[in-house]
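# Working through the structure, step by step
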Amino acid sequence: MSSQGLYHTHDAEILARVIEPEKSGLDPDLARYLLTLDFRLLDTGRMNALAQKGCEGDLTASEEAELESYRHVGHLLALIHSKARASLKHSLG
């Protein structure tokens, strides 16, 4: 693993500790809004194209960095969505 990948792993762990996705605490309206945040169709297509190119071993360094950025944003979205779902579950219970 490159040192850059190692730092990103630490970033993800730190974000998870900051966001605490397993805990509730968000206003239900905010939680519902956060669940609407997602990649646009254009970005999804770009991610798929980069992933395919990566499977073929044809990514440039710039494309590899771009794909890694998509992964990081996807991880952040997953943490935010998890927090939002926990908050909505708590507000219903």
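The model shown is predicted, which means the values in this text are computed figures rather than measured ones.

### Observations concerning the overall build of the protein chain
Secondary structure assignment for the protein chain yields four helices and zero strands. Start at the N end of the protein chain and walk to the C end: the helices and strands fall as α-α-α-α. Counted over contacts in the protein chain with a minimum sequence separation of 6, partners at least 24 positions apart contribute 76%. Surface summary for the protein chain: the accessible area is close to 6,600 Å², and the carbon and sulfur share equals 58%.

### Considerations on the pattern of salt bridges
A complete count under the given rule lists five salt bridges for this structure. A salt bridge links Glu20 to Lys23; the shortest N-O distance between them is 3.1 Å. Glu63 serves as the salt-bridge partner of Lys53, at 2.8 Å between the closest nitrogen and oxygen. Within this pair, whereas Lys53 is found in helix α3 (residues 41-55), its partner Glu63 is found in helix α4 (residues 61-92), the two being separated by ten residues in sequence.

### Describing the side chain of His81
If you trace the backbone, His81 turns up in helix α4. Using a relative accessible area of 13% as the deciding quantity, one classes His81 as buried.

### Description of unusual backbone geometry
The residue Glu20 is not glycine, and still its phi comes out positive at about 50°. By the secondary structure assignment, Glu20 is in the loop between α1 (3-19) and α2 (28-34). Overall, Glu20 belongs to the partly exposed group, its relative accessible area being 28%.

### So, α3
Look at α3: 21 Å from first C-alpha to last across 15 residues, which is about the 21 Å you get at 1.5 Å a residue. Of the residues flanking the end of α3, it is Gly57, one or two places downstream, whose phi is positive at about 75°.

### Focus on α4
Under the 1.5 Å per step criterion, the end-to-end length of α4 is 47 Å for 32 residues, consistent within 8% with the ideal 46 Å. The complete set of buried residues in α4 reads Glu63, Leu67, Tyr70, Leu77, Leu79, His81, Lys83, Ala84, Ala86, Ser87 and Leu88.

### What about the side chain of Glu63?
Residue classification places Glu63 among the buried positions, given a relative accessible area of 12%. In this structure the side chain of Glu63 is engaged in a polar contact, spanning 2.8 Å, whose partner is the side chain of Lys53. Dropping the residues within four chain positions of it, Glu63 is found in contact with Arg46, Leu50, Lys53 and Asp58.

Definitions and limits used
- Residues numbered from 1 in each chain as written.
- Predicted model: local features only at pLDDT ≥ 70, side-chain atom pairs only at ≥ 80, totals over all residues.
- Heavy atoms only, no water.
- Helix = DSSP H or I, 4+ residues; strand = E, 2+ residues; numbered from the N terminus.
- Contact = heavy atoms within 4.5 Å.
- Areas by Shrake-Rupley, 256 points an atom, 1.4 Å probe, with all protein chains shown as cover.
- Salt bridge = Lys/Arg side-chain N within 4 Å of Asp/Glu carboxyl O.
- Buried < 20%, exposed > 50% of the residue type's maximum accessible area, 1.4 Å probe, protein only.
- Expected span 1.5 Å × (residues − 1).
- Polar contact = N/O pair within 3.5 Å; in protein donor to acceptor, adjacent residues only side chain to side chain.

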